[in-house]
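Reading the structure
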Amino acid sequence: MIIVCDKCSSRFKLDTRLINKTFFKVRCSKCKHVFSVDTLESEEVYELDQISQEPQLKVIAICSHKGGVAKTSTCLNLGVALSMLNKRILLIDFDVQANLSLLLGQRNEHSFYEIIQEKVQVSKAIKSVRKNVWLLPSNSRMALLAKQCLQQKDFGFFLRKALEPIKEHFDYILVDTPPSVKFFTPNALIAADFVIVPTQCEFLAMNGVLQTENIIKAVSKTHPLEYKVLITMYNDENTASKVIYSKLKQKYNQKIFKTLINYDSKMQESQIVNQPIAYYDKTASSALQYHQLAKEIELI
Ligand SMILES: Nc1ncnc2c1ncn2[C@@H]1O[C@H](COP(=O)(O)OP(=O)(O)OP(=O)(O)O)[C@@H](O)[C@H]1O
Ligand SMILES: [Mg+2]
């Protein structure tokens, strides 16, 4: 049962099998407010923080204005790393390139386009691709979405609305986005609770982070959104990489993930055989780092 604190709106998952009363009171572990979960009064008060608290973070958009910074690789491998921590993960390929679908061996399946066209239900379009991992694929028809929908005044809310009926089935939903900002990025950001901004330690990539940050801030005005920068394809033997890394750390401070992802040729090998890195070689440096990143995400 989901309980929402009527003072601070924190959400909690309460296992009602632990309580043998029909009506009871609870105390919010965040703001300490005590309230009844039903209209009838009871003398019993249960501590909500003694019972499992539902994580609020659910939908994570992976966005960058810059191409080729490992958005898709992060979506796949972070998702798989979270699934190995026993989380139920939905990956959404929200990019016409359909690279995420391709990496999972899915070609020309139903996508978000067919959902919007009401040709298929969202639950039917989703495919099970690994243990604890599901995928909403992309296909080339997704390109038509931007043209057909940009005129509609609520076009930015399409993904958010589509996820509503299925959200509760997953612990995390990860949305892979393209580098363009037109239809897909606003939809992903409005559907999201949190954004990961991957970047390489290169001079021009820093500019990509800045532009992406501006888009996130614009969306945040109406829709609260947290974000963190993720360093990808890091090469610690490269002086320029080290310099840019220290600049990024200075600028983004708390807004940069502690975990960074190294450049790892095993990652590229794994993609040739359509395997997430943790399945291809769980001892590879990038596999261990995405596992570490998954643990960092759990703490947010
Ligand atoms: N840790 C890594 N080590 C080595 N190569 C990597 C790593 N992560 C990603 N790559 C490679 O970098 C390239 C770009 O990665 P990816 O497709 O994930 O980026 P992207 O940001 O999604 O690109 P796009 O903007 O086109 O969608 C791919 O060839 C991928 O194999
Ligand atoms: Mg991509």
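Residues numbered from 1 in each chain as written. Chains lettered and ligands numbered in written order. Predicted model: local features only at pLDDT ≥ 70, side-chain atom pairs only at ≥ 80, totals over all residues. Heavy atoms only, no water.

Let's talk about the overall build of the protein chain
Rule in force here: Secondary structure elements follow DSSP: runs of H or I of four or more residues count as helices, runs of E of two or more count as strands, with numbering from the N terminus. Between the two quantities, the radius of gyration covers C-alpha atoms and the globule rule is 2.2 Å times the number of residues to the power 0.38. Accessible areas in this description were obtained via Shrake-Rupley with a 1.4 Å probe; residue shielding takes into account the shown protein chains only.
For the protein chain, the helix and strand inventory stands at twelve helices and twelve strands. Here the C-alpha atoms of the protein chain give a radius of gyration of 21 Å, agreeing with the 19 Å that 2.2 N^0.38 yields for 300 residues. Referenced to the eigenvectors of the C-alpha coordinate spread, the extents of the protein chain come out at roughly 65 × 45 × 40 Å. Of the accessible surface of the protein chain, which amounts to about 15,200 Å², a share of 50% is contributed by carbon and sulfur atoms.

As for helix α12 (residues 285-298)
As a reminder of what qualifies: For a helix, the expected span equals 1.5 Å multiplied by the number of residues minus one. Buried means the residue's accessible area, taken with a 1.4 Å probe over protein chains only, is under 20% of the maximum for its type, while exposed means over 50%, and partly exposed covers the values in between.
Here α12 spans 20 Å end to end across 14 residues, near enough to the 20 Å set by a 1.5 Å rise per residue. Among all positions in α12, only S286, A287, Q289, Y290, L293, A294, E296 and I297 are buried.

Remarks on the domain arrangement of the protein chain
To keep it simple, the criterion reads: Throughout the structure description, domain borders are defined by an automatic or database domain assignment.
You can read the domains of the protein chain as domain 1 (2-50) and domain 2 (59-298). Look at where the C-alpha atoms of domain 1 and domain 2 centre, and you get two points 35 Å apart.

Structural notes on the pairing of strand β6 (residues 59-62)
What counts is decided by this rule: Between any two strands, pairing holds if DSSP finds at least two bridges.
Where burial is concerned, the two faces of β6 agree: the one with V59 and A61 and the one with I60 and I62 are both buried. Judged from the four bridges that link them, β6 and strand β10 (residues 172-176) form a sheet pairing that is parallel. Pairing of A61 across the sheet is with V175, part of β10. Sheet topology note: the β6/strand β11 (residues 194-199) ladder contains three bridges and is parallel. When the bridges of β11 are listed, I60 appears paired with F194.

Here's the deal with the side chain of S286
Cut-off, in case you're wondering: Any two residues having at least one pair of non-hydrogen atoms within 4.5 Å are treated as being in contact.
Mapped onto the elements of the fold, S286 is located in helix α12. Owing to a relative accessible area of 0%, S286 belongs among the buried residues under this scheme. Beyond its immediate stretch of four places on either side in the chain, S286 contacts I261, D264, M267 and I277.

Brief notes about helix α1 (residues 71-83)
Between its first and last C-alpha atoms α1 spans 18 Å; for 13 residues at 1.5 Å apiece the expected length is 18 Å, and the two agree. Burial analysis of α1 places 13 of its 13 residues in the buried class, which makes it a mostly covered element.

Comments concerning the environment of L145
By the element assignment, L145 lies in helix α5 (residues 143-149). Using a relative accessible area of 0% as the deciding quantity, one classes L145 as buried. As a C-alpha pair, L145 and F112 span 33 residues in sequence and 8.9 Å in three-dimensional space. Excluding its chain neighbours within four sequence positions, the residues that come into contact with L145 are F112, Y113, I116, L150, F183 and F184.

Here's the deal with the site of ligand 1
As a reminder of what qualifies: When at least one non-hydrogen atom of a residue lies within 4 Å of a molecule or strand, that residue is treated as near it. The definition of a polar contact used here is a pair of N or O atoms within 3.5 Å, where within protein one atom must be able to donate a hydrogen and the other to accept one, and adjacent residues in sequence count solely through side-chain atom pairs.
Around ligand 1, the structure places 18 residues, and the nearest of them are K71, T72, S73, D264 and Q271. Here an oxygen atom of ligand 1 sits 3.0 Å away from a polar atom, N or O, in the main chain of A70. Within the contact set of ligand 1, a nitrogen atom lies 2.9 Å away from a backbone nitrogen or oxygen of N262. Protein burial of ligand 1: of its 630 Å² of free accessible surface, 83% is covered by the chains.

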